[in-house]
Amino acid sequence: MPTSSLPSKVRSFGVKSDDTNKKLNNLCSVQKILNLSSQGHLKQAFHHLNILTRKGIRLDSKTLASLIQQCANSKSYREGKWIHFHLKTTGWKHPTTFIANHLINMYGKCGDSIQARKVFDKMTTRNLYSWNNMLSGYAKSGMVKAAKRLFDKMPEKDVVSWNTMVIAYAQVGYFNEALKFYREFRRLGIGFNDYSFAGVVTACVKSRDFSLTGQVHSQVLVAGFLSNVVLSSSIVDAYAKCGKMSDARRLFDAMRVRDVLAWTTLVSGYSRCGDMVSARELFEAMPEKNPVSWTTLIAGYSHSGMSLQALELFAKMVKLQVQPDQFTFSSCLSACADIASLKHGKQVHAFLVNAGLRPNAIVMSSLIDMYSKCGNLEVAKRVFDTMGNKHDAVLWNTMLSALAQHGMGEEAIEVFFKMVKFGVKPNRITFVVLLNACSHSGLVQEGLSFFEMMTSNYNVPPDEEHYACIIDLLGRAGRFSEVLAQIKKMPCEPDGHIWNALLGVCRIHGNVELGRMAAELLIELDPQSPAAYLLLSSIYGALGMWVNVEKVRQLMNERHVRKEQAVSWLEIEQKLRPSFGCSQSNTLEKDTLAILQLLADKTEDDDLLHDSESFIHGGLDARGSNL
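What counts, and at which threshold
Residues numbered from 1 in each chain as written. Predicted model: local features only at pLDDT ≥ 70, side-chain atom pairs only at ≥ 80, totals over all residues. Heavy atoms only, no water. Helix = DSSP H or I, 4+ residues; strand = E, 2+ residues; numbered from the N terminus. Buried < 20%, exposed > 50% of the residue type's maximum accessible area, 1.4 Å probe, protein only. Contact = heavy atoms within 4.5 Å. Areas by Shrake-Rupley, 256 points an atom, 1.4 Å probe, with all protein chains shown as cover. Polar contact = N/O pair within 3.5 Å; in protein donor to acceptor, adjacent residues only side chain to side chain. Expected span 1.5 Å × (residues − 1). Arc of directions from axis to C-beta. Axes fitted to C-alpha atoms, helices over the stretch in contact; angles between N-to-C directions. Parallel < 35°, antiparallel > 145°, perpendicular 65-115°, else oblique. Left-handed = near helix turned anticlockwise from the far one by under 90°. Nonpolar A, V, L, I, M, F, W, Y, C, P; charged D, E, K, R; others polar. UniProt positions renumbered as here; feature names shortened; annotations may be inferred. Salt bridge = Lys/Arg side-chain N within 4 Å of Asp/Glu carboxyl O. pLDDT = per-residue confidence, 0-100.

Looking now at the overall build of the protein chain. Regarding its fold elements, the protein chain presents 35 helices and two strands. Looking at the protein chain as a whole, 48% of its 627 residues qualify as buried. For the protein chain, the proportion of contacts with a sequence separation of at least 24, taken over those separated by at least 6, is 60%. Surface exposure of the protein chain reaches about 31100 Å², of which carbon and sulfur atoms provide 51%.

Here it is in structure tokens:
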């Protein structure tokens, strides 16, 4: 390779050798590193860097900075460390400010704030970029206290410094501190840019504060940054999370430029509010869709109890060869669990296996939940056992819930102690599930022990949901005097959870007087909820008090309280059919049949089903590496 054909930065790196061939070989090695790294082949590039290190050849500053930046962008921590090692072994134990800044940035983006700080502390000369880089590293790691200490020491601060602090506090949920920094920054009048609003908009989204969102919206408008699609989309998201869909839609419609994120944000807002008609209309109108858009609508259908529509959309997504992600599979599995369709759950599981994805804890939890709710607890256990990394409490909570649903309280307790032994810290959900398991298995004393253990051993303060579990536990055992004592001991006012639990156990034991009291309080809290009326009616009916049953029904009619239509799912001739408790029970919309058939047709490929069956029945351990 002629020397003149190489970039000037390679020709000038200064190889001191009289042997021209050796010089050219070294130049070619450098060029190979540059070519490989620019193509994204960092591992191969650093293999050749190793060769240069052994030869004592040092790359120039610009080349090294470029390589470090590529490691930062791709978060290639190991390769970034190799460059740092290369610097040390080729006489750069104290790199220049330029190189050190790139190293701090790389370590920060890779999440190693300790190494970043070591580089920062060893710098003989620091500039504002050095301080901001270190500050950004702390912020991205969620280390706001360390960021604040560094911020206070900074000899000078610019817009980037203040923006970083506002974003850092907003990201970890310290909204008051974020707003304090934002107001102080604006008061100083040192100027601002697009990112100056990013932190405070994040605070709006996370805090769901409508008043604050309106104020920030006005400031962004006055500052002239509403044309920034990311900022506008975030404000749309903030309005949606506040439940103000009319405001969200008004801003969306006013946006001159909308990307797929903006459209998906509004679809998500409608889905979250349960307005699936508007969500679907907007989705169909999208000029461009990505996997997140599809998943957002599927998740909306699943969470709204519209499982058929969720599965229909999943089938259409697969048919159009749109690649599902982890959240897609989780939502589809939840839909299958909701209608207790083991057949469709297995088909979704088969897709998951053949997609080559390594499921995260959320997807694995959805699989366990689906198999459990479809009556196949043994497969749910095998899925749990197959999961190699069990350090997520969500996974253990789901397994505990599955055992609780099947009345296996003693086994649930065993799994809880395995969880603790494994080093996973129980959270509030863990104890809700565990108390439910004890309640449904009649393990009263064990449940009371766990209730005490929550605070004393695990520092989890009981809330209304935990107290509701205890009331259910004691009430099922007929210990109503202790139930009333627990309600009196509560540190807060009883809510719907408490009165629902009390009403439920009164129904079991036919405790009319206490049940009436609970029903009245529950109706007072939510006059339009049918649950209290129906449970009270059920208590009267069980005791043969039909006059009172009729009075409750009359009260429901007067208040226009409607009981939700009951639906059961029946598999008839290998097709899933909803059965309603009314005159239209034998009818089924043609499009619903078509939806299910579409999903079945798409997934009934012989090879796919064979793969799924071998995975689920007997092949779980052998194929465990695919999970």
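On we go.
Moving on: the side chain of Ser366. Among the secondary structure elements, Ser366 is positioned in helix α22 (residues 361-373). Classification of Ser366 as buried rests on a relative accessible area of 10%. Within the structure, the side chain of Ser366 is placed 2.8 Å from the side chain of Ser330, a separation counted as a polar contact. What Ser366 contacts, discounting residues up to four positions off in sequence, is Ser330, Leu333 and Ser334.

Another aspect to go through is helix α5 (residues 77-89). Taking 1.5 Å of rise per residue, the 13 residues of α5 would be expected to cover 18 Å, and the 18 Å separating its terminal C-alpha atoms lies within 8% of that figure. All buried positions along α5 are accounted for by Glu79, Gly80, Ile83, His84, His86 and Leu87. End-on, the buried residues of α5 take up no more than an arc of 155°, which puts them together on one face.

In this section: the packing of helix α4 (residues 61-74) against α5. Closest axis-to-axis distance for the α4/α5 pair is 8 Å, and the angle between their directions is 155°. Taken together, α4 and α5 sit at an angle that is classed as roughly antiparallel. Viewed along their axes, α4 and α5 form a crossing whose handedness is left-handed. Across the interface between the two elements, Leu64, Leu67, Ile68 and Cys71 from α4 touch Glu79, Gly80, Ile83, His86 and Leu87 from α5. Residues belonging to the contact of α4 with α5 are distributed by class as follows: six nonpolar, two polar and one charged.

Moving on to the UniProt feature "repeat: PPR" (unreviewed entry) in the protein chain. As recorded in UniProt, the feature "repeat: PPR" (unreviewed entry) lies at residues 127-161, 228-258, 259-289, 290-324, 360-390, 392-426 and 427-461. The annotated region residues 427-461 carries 80% helix and 0% strand content, and the separation between its end C-alpha atoms amounts to 10 Å.

What follows concerns the pattern of salt bridges. As enumerated under the stated definition, the model contains 17 salt bridges in all. Glu411 is the salt-bridge partner of Lys381, the closest N and O atoms lying 3.0 Å from each other. One end of the pair, Lys381, is in helix α23 (residues 377-386); the other, Glu411, is in helix α25 (residues 409-421), and 30 residues separate them in sequence. Residue classification places Lys381 among the buried residues on the basis of a relative accessible area of 16%.

To continue, consider the side chain of Ser293. Note that Ser293 resides in helix α18 (residues 291-303). Within the structure, the side chain of Ser293 is placed 2.8 Å from the side chain of Asn290, a separation counted as a polar contact.

When pLDDT is averaged along the protein chain, the result is 83; 82% of the residues meet or exceed 70. Here residues 1-18 is a poorly scored stretch, pLDDT under 50, and it has 27 contacts once near neighbours within four places are set aside; other chains count. pLDDT under 50 marks residues 580-627. Its contacts with residues more than four places away, or in other chains, come to 82 contacts.

The first and last C-alpha atoms of helix α8 (residues 128-140) sit 18 Å apart over 13 residues, in line with the 18 Å expected at 1.5 Å per residue. Of all the 13 residues making up α8, 10 are buried; the element is thus mostly covered by neighbouring parts of the structure. Within α8, burial applies to Ser130, Trp131, Asn132, Asn133, Met134, Leu135, Ser136, Gly137, Tyr138 and Ala139. Buried residues belonging to α8 abut α6 (97-109), α7 (113-122), α9 (144-153) and α10 (159-171).

The subject of this paragraph is the packing of α25 against helix α27 (residues 444-458). Axis separation between α25 and α27 bottoms out at 13 Å; the angle between their running directions is 15°. The orientation of α25 relative to α27 falls into the category roughly parallel. As α25 packs across α27, the resulting crossing turns out to be left-handed. Facing Ile413, Phe416, Phe417 and Val420 of α25, the residues of α27 in contact are Glu446, Phe450, Met453 and Tyr458. Counted by class, the contact of α25 with α27 contains seven nonpolar, no polar and one charged residues.

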